[in-house]
Amino acid sequence: MLSRLLRVQPGEGRIVGLVVSAMALSVAGMTVGESGISALFFERVGPDSLPVMYLAQGAVGVAGMLLLSAVLGRFERRRTYVALPTLLAALLVLERVGVAAEAPGIYQVLWLTTTIGLLVQGLYLWGTAGLVTDTRRAKRLFPLFGAGSILGAVVGGLGTRPLASAVGAENLLLVWALALAGTSALCAAVLGVRRGGRTRRVRSRRPSAVAELRQGFAFVRRSPLLLWMSIASILFSVLFFSLYLPFAQSATARFPDANDLAGFFGVFWATVTAAAFLISILLTNRLLGWFGAAAMLLVLPILYAGAFGILLVTSTFATLVALRFGVTAWLQGVSSTGWETLVNVVPEHRRDQTRAFLNGGPAQVGTAIAGVVQLVGQEALSPRQLSMIGLVTAVITIAVAWRVRASYTTALVDAIRSGRPRVFDDGLPNVPVVVRQDAQAVGLAIAAMGDADPRVRRLASELLESAEDARAVAALHAALHDPDPVVRARAVHAAERLSSDELDRAIADEDARVRLAAVRGRGSGEVPEPLLRDPDPTVAAAAAVRLLEGPSRPGAAHTLERLLEDDDLETRRLALGELAEAAPEDIAALGSSRLEDPSPAVRATAVHVLVGAGSEVAVPAALEGLASTDPRVRRAAREALGRLDLGGFGDELRGIVDEWSSLALLDGSIAASVGDEGDAADLLRAALLARARSRAIVALSAVSVTSPDPGAMRIALGILEGNDAGQLANAIEAIEVAAPAPPVPSLLALWEPSATHPAGLTDLTWLDVATTDDDPLIRACAELVRSSRDRGGTVTRTSGSMTQVELVLVLRQIPLFATLEPAELSQIAEIADERVYADGEVIGTEGEMGDEMHVVLEGTVRVVRGDAETIARREAGEIVGEMAVITMAPRVASLIAEGDVRTIRIGQREFEAMVRERPEIALGVMRVLAERLGAAT
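Residues numbered from 1 in each chain as written. Predicted model: local features only at pLDDT ≥ 70, side-chain atom pairs only at ≥ 80, totals over all residues. Heavy atoms only, no water.

Glancing now at the pattern of salt bridges. What the rule picks out here adds up to 32 salt bridges. With a closest N to O distance of 4.0 Å, Arg 490 and Glu 462 form a salt bridge. Placement of the pair is Arg 490 in helix 19 (residues 485–494) and Glu 462 in helix 17 (residues 454–465), with a sequence separation of 28 residues. Arg 905 is paired through a salt bridge with Glu 852; the nearest N and O atoms lie 2.5 Å apart. You can see Arg 905 sitting in strand 6 (residues 894–907) and its partner Glu 852 sitting in strand 3 (residues 852–865), a full 53 residues away along the chain. For Glu 852, a relative accessible area of 13% translates into the label buried. Three or more residues are tied together by salt bridges with common partners; here these are Arg 634, Arg 635, Arg 638 and Glu 721. (Salt bridge = Lys/Arg side-chain N within 4 Å of Asp/Glu carboxyl O. Helix = DSSP H or I, 4+ residues; strand = E, 2+ residues; numbered from the N terminus. Buried < 20%, exposed > 50% of the residue type's maximum accessible area, 1.4 Å probe, protein only.)

Structure follows, in structure tokens:
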């Protein structure tokens, strides 16, 4: 019950408990120590020296940031997080000795220690929390972690007065040191670091701390989110200390004794943080979920504006206490958690440096600015004028916080892209350098066209093709006779005008790329009709598209129809691609015929091409494509809808969202109802959840079309479709920010680590529903669950007689197929044959043409070469015979059963089709081959 209330999922309890305890203990110790330091400083130095201390704080903060950046860059982070509180504790013990000896300037040093303490504490606490959470979990758990720190502040604040009375304000430093020692132990437990071990130095050459600061600034400058957060950090520091100074002056005047002042600070912080704790527990999690972290950050400068507005009217002690109370409660309870959530979007390897930069750079610059303002204000400005400056600063901060909010979605998308970069961007020319008007570069490229190496000439022709220079055109024209076909094709494509002889030569070229370049860009009168019978389907389709405009239209239309109905899917896809250059009516007539093509790749291309036919034709086709089970078709549909006028199709979009959301949530509820009843129940749950997510993506795709940020939605949906675990949290967060309205949050819950949908179905109901499902795999799984119940909870499998669903159960355990969904495993089971071999039976013979591979289910297969030399043994879960299938060459070894062996046989044709449809399988085979190559070498 408590876990559900706090949104702690199964398996997270220990980590959450340790992190919350570390937060509470560290902040409790700092609250006690900081109260004692403040009391000692105000009693023995005085609050009027605060502006000078603000300037010193700024310098110390920047120096501390540089030092921390150097430490973080040179030592392993987990051990560094454990070591930092221990080092700070040792410093406090030394300073307590300095207080006893009345060392000169010791109270100023103590005051600056709190600055370092805050910087270091934020680093090791939130750094530890960041290592055990991702972006999505951070949004859910960071409010709980923040509540732990607030609870620590409450306990520390309430304990300050009795501790000060018992041991004196000076010895509160030792209390803080003890708390830091305990925090170090808790961080070690969270991060799995053995206490007493040395902090390992990272053995790599790294730049200096100043160079890292420069790199960090460059990284921040490239990120709109971090740039605006840096500006906001400066302004928030100015606001914080501008309000703190009158509060400290008034409190010191009211409590002249150090112990009494320490007690007041303790009670004040305890009261503030108690309120912040309640806000954090009861509201923060929900506020972040409803409005987002960036929106909650925006409230803080609004509160500051109200506070300084009130100070323009009255500045009594009670007023200052009330204003400080309200602003700090929101700062601790909501804004600090939201701030850390924003920082957690930064890639993990940059997160610590970013946190140190924000806290030690801009924040300390703001502190120094506040010091300058207060120094000037003490001499030349009245308290009312200082309040007016604070009000203006708050208004500026509101505008900056709004920009932080606006740039948050962009940062989420950047985080996704950095985790899964697109190496080959569709639709962009593969031009490494844009030459344009650079005369020197054009001259070099022209000279390179005479190089003997065809690779050099290819690159030079590629460069010249993008140059706006008459010399480039002339050089390419001269390359029409180049021996390399790629260079000839570029020359033909770039030539503004070709003579009849040159055009005839290009059209008759033996290389299809040259013929295609000759056809593209020519009018119907320049394309000869015999090209309709060109052996290359792309050339024939390109010629047919251009001949549709002239008297050869009947033959051209027949050619396109023939190519679009070809048995080879690649021929159909290429013909569709050329059809995009046709007139809208021809695109509509011919392109629509491939919307029901058996190949998802062809259907996706058809949706893309139909955009050229106009919205009336393309929108209905794209809306239908959203409901496809294949992600490529859905992706094509989303992109097409983003380029079309959707006026008049609003009802259809809303209908898709409502229908598919309902279906997805129903599947999610049934999946949550399935009990733990063995492999069959696990497969049934996985199949239902996979279908629920697939249906949810259809609904989310429809939502993305009208989203304020459809680009972010499309990228995030691509992550969901690809099941990229490393970027899943960022993708979910990006969708929730870009489209926060219902039913998006309920649909996104389907990707949480454990389903959050209530079961709502009885044990009998969910099984009855599943056994009557339209999906044959789900029905078969449900029947298997029912039959296993009848047999006492066991699933019996007879060798050589597995059903398709039993075969799927086996395939799920094979590493090669581990990333596939149950429906995809079912497709593999359809094309696979179960084989049984006796001891010594030959599965494959060395030297024969291999047209099949095997996945070993049971037993051992010996790989034998030559005179019975055993070079390897393959156990259950491994594949054999894959080399012959991939290379289509004779087998390099024999495969012999050692004992009774059972395998799954996949033929060469079936394997190629499987790899073409699911590239993940190809990656799995590559991993197997790489492992074997590593073992052999």
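Moving on to helix 18 (residues 470–478). The α-helix winds at 3.6 residues per turn, so residues separated by three or four positions along the chain end up facing the same way. Those residues of helix 18 that sit buried are Ala 472, Ala 475 and Leu 476. All buried residues of helix 18 project into a common sector of 95° when viewed along the axis, lining one side. Residues of helix 18 that are exposed and angled more than 90 degrees away from the buried face: Ala 470 and Ala 478. (Arc of directions from axis to C-beta.)

Pairing between strand 3 and strand 4 (residues 869–874): five bridges, direction antiparallel. Directly across from Val 864, in strand 4, lies its bridge partner Thr 870. Taking the residues that link successive antiparallel strands as the turn, the strand 3-strand 4 hairpin has three residues, and the phi of Gly 866 there is positive, at about 65°. (Pairing = 2+ DSSP bridges.)

On to the pairing of strand 6. For strand 6, a buried count of 11 out of 14 residues is recorded, marking the element as mostly surrounded by other parts of the structure. Of the strand pairs in this sheet, strand 1 (residues 833–837) and strand 6 are connected by five bridges, and their pairing is antiparallel. Looking at strand 6, one finds that Glu 834 is bridged to Ile 904. Note: strand 3 against strand 6, 11 bridges, orientation antiparallel. The residue of strand 6 that forms the bridge with Glu 852 is Gly 907.

Attention now goes to the side chain of Ser 149. Structurally, the position occupied by Ser 149 is in helix 6 (residues 135–167). Beyond its immediate sequence surroundings of up to four residues, Ser 149 is in contact with Met 23, Ala 24 and Val 27. (Contact = heavy atoms within 4.5 Å.)

Together, Leu 55, Val 372 and Val 376 give the surface a local cluster of nonpolar side chains, amounting to about 220 Å² of exposed area. Residue placement: Val 372 occurs in helix 14 (residues 362–380). A residue is classified by how much of its surface remains accessible, and Val 372, at 42% relative accessible area, is partly exposed. (Patch = residues over 30% accessible without salt bridge, like charges linked within 9 Å, V, L, I, M, F, W, Y side chains within 5 Å. Areas by Shrake-Rupley, 256 points an atom, 1.4 Å probe, with all protein chains shown as cover.)

What the rule picks out here adds up to three cavities of 30 Å³ or more. The wall of the largest cavity is formed by 46 residues, among which Leu 118, Phe 240, Leu 331, Gln 332 and Ser 336 lie closest to the centre. If you tally residues by element for the lining of the largest cavity, the top one is helix 5 (residues 106–131), at nine residues. Looking at the lining of the largest cavity residue by residue, the classes come out as 23 nonpolar, 20 polar and three charged. (1 Å grid on protein atoms, 1.4 Å probe; cavity = no way out; pocket = protein on both sides within 12 Å on 5 of 7 lines; lining within 4 Å. Points joined across faces, edges and corners; volume = space filled by probe spheres on them. Nonpolar A, V, L, I, M, F, W, Y, C, P; charged D, E, K, R; others polar.)

Bringing the environment of Glu 570 into the picture now. Of note, Glu 570 is situated in helix 24 (residues 569–579). What makes Glu 570 partly exposed here is its relative accessible area of 32%. Here the alpha-carbon distance between Glu 570 and Val 602, two residues 32 residues apart in the chain, equals 7.9 Å.

By the secondary structure assignment, Val 376 is in helix 14. Classification of Val 376 as partly exposed rests on a relative accessible area of 45%.

Before going further, it helps to spend a moment on helix 30 (residues 679–705). Helix length check: helix 30, at 27 residues, gives a terminal C-alpha distance of 39 Å against a target of 39 Å (1.5 Å per residue), a fit within 8%. A large share of helix 30 lies buried, amounting to 21 of its 27 residues. (Expected span 1.5 Å × (residues − 1).)

The values are spatial; any link to function lies outside them.
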